[in-house]
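# An overview of the molecular structure
Chain by chain, the residues run as shown.
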Amino acid sequence: MPKFITIGYGDAAGYDRTPQSVRDAAHAQDAKLRSEGAVIGIAGTPVQVRNPEARDMETRDGPFMSSALPIAGFAIIEAPDLAAAIEKVSHVPCAVAHGVVEVWPLKEAKF
């Protein structure tokens, strides 16, 4: 089955102004996704890693990209197609609590 990476963006303000019943249903959707085998995690503090030509490794604290909302978490889900993946994440916390969820098809790397 195809896999998708999802990136959830959201903040405490959006979450807090969302009705408790909607948040509870969103967390139930996360639990359902986990029961289907999804790997779900809350984003920690990122570290950028660069190693040009494998000769000069460098790290920097913080994200490479920025957005209006912080990254809240990630998931790897399975779905028959992109439409089904979108439907699965349309009711997770970031989607319903004034945030946004990106859905990225994960294609097998063939090097």
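Reference entry: report on the structure contained in this document.

Calculation notes
- Residues numbered from 1 in each chain as written.
- Predicted model: local features only at pLDDT ≥ 70, side-chain atom pairs only at ≥ 80, totals over all residues.
- Heavy atoms only, no water.
- Helix = DSSP H or I, 4+ residues; strand = E, 2+ residues; numbered from the N terminus.
- Buried < 20%, exposed > 50% of the residue type's maximum accessible area, 1.4 Å probe, protein only.
- Contact = heavy atoms within 4.5 Å.
- Areas by Shrake-Rupley, 256 points an atom, 1.4 Å probe, with all protein chains shown as cover.
- Lys, Arg positive; Asp, Glu negative; His and termini not counted.
- Charge placed at Lys NZ, Arg CZ, Asp CG, Glu CD.
- Phe/Tyr/Trp six-rings, centres within 6.5 Å; stacked < 30°, edge-to-face > 60°.
- Lys NZ or Arg CZ within 6 Å of the ring centre and 35° of its normal.
- Salt bridge = Lys/Arg side-chain N within 4 Å of Asp/Glu carboxyl O.
- Core = buried A, V, L, I, M, F, W, Y, C linked by side-chain atoms within 4.5 Å.
- Expected span 1.5 Å × (residues − 1).
- Arc of directions from axis to C-beta.

### What to know about the overall build of the protein
A tally of helices and strands in the protein yields 4 helices and 6 strands. Along the protein, helices (α) and strands (β) appear in the sequence β-α-α-β-β-β-β-α-α-β when read from the amino end. Principal-axis analysis of the C-alpha atoms gives the protein an extent of 50 × 35 × 20 Å. Counting all 111 residues of the protein, 25% fall into the buried class. Summarising the internal contacts of the protein: among those between residues at least 6 apart in sequence, 70% fall at separations of at least 24. Accessible area for the protein stands at about 7,700 Å²; split by element, carbon and sulfur atoms hold 60% of it. Positive and negative side-chain charges of the protein, numbering 11 and 14 respectively, have mean locations separated by a distance of 3 Å.

### Some details on the packing of aromatic side chains
Scanning the model with the defined rule gives 0 aromatic pairs in all. Its end group placed over the ring of Tyr15, Arg23 keeps NZ or CZ at 4.8 Å from the ring centre.

### Topic: the pattern of salt bridges
What the rule picks out here adds up to 5 salt bridges. Glu58 is the partner of Arg60 in a salt bridge, and the nearest nitrogen-oxygen pair spans 2.8 Å. One salt-bridge network, in which partners are shared between bridges, spans Lys32, Glu36 and Lys88.

### What to know about the nonpolar core
One finds Phe4, Leu33, Ala38, Ala75, Ile77, Ala79, Ala85, Val89, Val92, Cys94 and Val101 forming the largest nonpolar core, which totals 11 residues. Counting only elements with at least two residues in this core, the list comes to strand E5 (71-78) and helix H3 (82-89). If near-sequence neighbours (up to four positions away) are discounted, Leu33 is found in contact with Ala38, Ile40, Lys88 and Val92.

### Focus on the side chain of Thr6
Residue position: Thr6 is located in strand E1 (residues 3-9). Once you skip the residues sitting within four places of it in the chain, Thr6 turns out to touch Gly73, Phe74, Ala75, Ile77, Val89, Val101, Glu102 and Val103.

### Section: helix H2 (residues 20-35)
Taking 1.5 Å of rise per residue, 16 residues should cover 22 Å, and H2 covers 22 Å from first to last C-alpha, within 8% of that figure. Looking only at H2, the buried set comprises Arg23, Ala26, Gln29, Asp30 and Leu33. Buried residues of H2, seen end-on, are gathered within an arc of 115° and therefore sit on one face of the element. Of the residues in H2, the exposed ones pointing more than 90 degrees away from the buried face are Ser21 and Ser35. Contact partners of the buried residues in H2: helix H1 (12-16), strand E2 (39-42), H3 and helix H4 (93-96). Positive phi appears at Gly37, one or two residues downstream of H2, with a value of about 105°.

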